[in-house]
Amino acid sequence: MTTIISNIIIVITISINIFINLYYIKQIYTNYKNCRKQKKIEQNEIKAKKLVLYKNLEDLKHINLNTKLYANLTKNQQDILLNAVEELKNDEPEIYLFASELLKNVKIDNLRHLLINSKQITIHYHPSTQKNKIAGTYNSVNKQIDIYDKQNSDTLYHELLHASSSHPIFNNVGFKIVLKQGGILGEGLNEGYTEILNKRFFHNKNDYYPYLQKLSLLIEKFYDNKEEMIEDYFNADIFKLIGQLLKYMSLEEIIDIIVDMDWLLNSKQKNYLDYLKIKNKILKIYHRSHQYKQNNNTHVKTKTK
């Protein structure tokens, strides 16, 4: 009798475990299907956005985009900006420390937006909780910085880099722009490159946006002098960046890459394979253009001989 009861208990236990496992398998499959469905919706939205941008930015193919937004500052103008940095010491000590460190790495010309915006920049610290999914934000409209981890200066400097590259009049921040037709463009590239500069200039220990950082570094390779990309960033000039990339790829390829990077930033459905697809796309264009450049140089040398 005892053996029969024991066997019954074993059978019931096994049945319950099978039922539970089947339930979880069903849940996993349902979640997988929902993710696939959502990702397909997002991909269709991306395709539609790219088509709008192809059409509305087509004129960029016929415009000289290599002209700087701003002329180089004269010695007198540079001295005025340097004095403005010193004036921050008493009024805005946090911004002063940031600007002083930044000046060790970039020209004073690249601080013009920061110094104009500094009169309006406010920094708000909030208690750090597990509910905070983001470490900090910068609002380009009201120039407000919100930090959710007071002990983390790396986050503050990331947001101050946004403030430094924020156009005082137009809603451009670094390589991010808001277009009437097509919406936000360059947000992914902007976040990735901002964190690259944060690590490069301030040696921070965070590793925000790792995939976007790697992709942004690949974009930087299309510049003969990376200081020019840094200058384009601080001048909030994504169109000059597009002009640089147009030397090596089509406008459609540029829009394709930048929009994909935006999706990589914002989508919850992204994965490592999505990053690899964008990376391989950029590398393929880079190697193609590099090979063309080498062949061209060889042809010129042969002709000269």
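Anything mentioned here points back to the structure above.
Participant: Hey, could you go over the overall build of the protein chain for me, with residue numbers and the actual values?
Facilitator: Across its full length, the protein chain holds 11 helices and 5 strands. Taken over 305 residues, the protein chain has a buried fraction of 40%. Taking as baseline every contact in the protein chain between residues at least 6 positions apart, the subset at least 24 positions apart corresponds to 65%. Just so you have it, the protein chain exposes about 18400 Å², and 56% of that area is on carbon and sulfur atoms.

Participant: Let's hear about the pairing of strand 2 (residues 136-139): which residues, and what values?
Facilitator: The alternating pattern of strand 2 places G136 and Y138 on a buried face and T137 and N139 on a face that is not buried. Where strand 2 folds back on strand 3 (residues 144-147), the antiparallel hairpin that results is connected by 4 residues, among which K143 adopts a positive phi of roughly 60°.

Participant: Can you break down unusual backbone geometry residue by residue, with the values?
Facilitator: Positive phi, close to 60°, is recorded for K143, a residue that is not glycine. Among the secondary structure elements, K143 is positioned in the loop between strand 2 and strand 3. For K143, a relative accessible area of 3% corresponds to the buried category.

Rules behind the numbers
- Residues numbered from 1 in each chain as written.
- Predicted model: local features only at pLDDT ≥ 70, side-chain atom pairs only at ≥ 80, totals over all residues.
- Heavy atoms only, no water.
- Helix = DSSP H or I, 4+ residues; strand = E, 2+ residues; numbered from the N terminus.
- Buried < 20%, exposed > 50% of the residue type's maximum accessible area, 1.4 Å probe, protein only.
- Contact = heavy atoms within 4.5 Å.
- Areas by Shrake-Rupley, 256 points an atom, 1.4 Å probe, with all protein chains shown as cover.
- Pairing = 2+ DSSP bridges.

These figures come from the coordinates and say nothing about function on their own.
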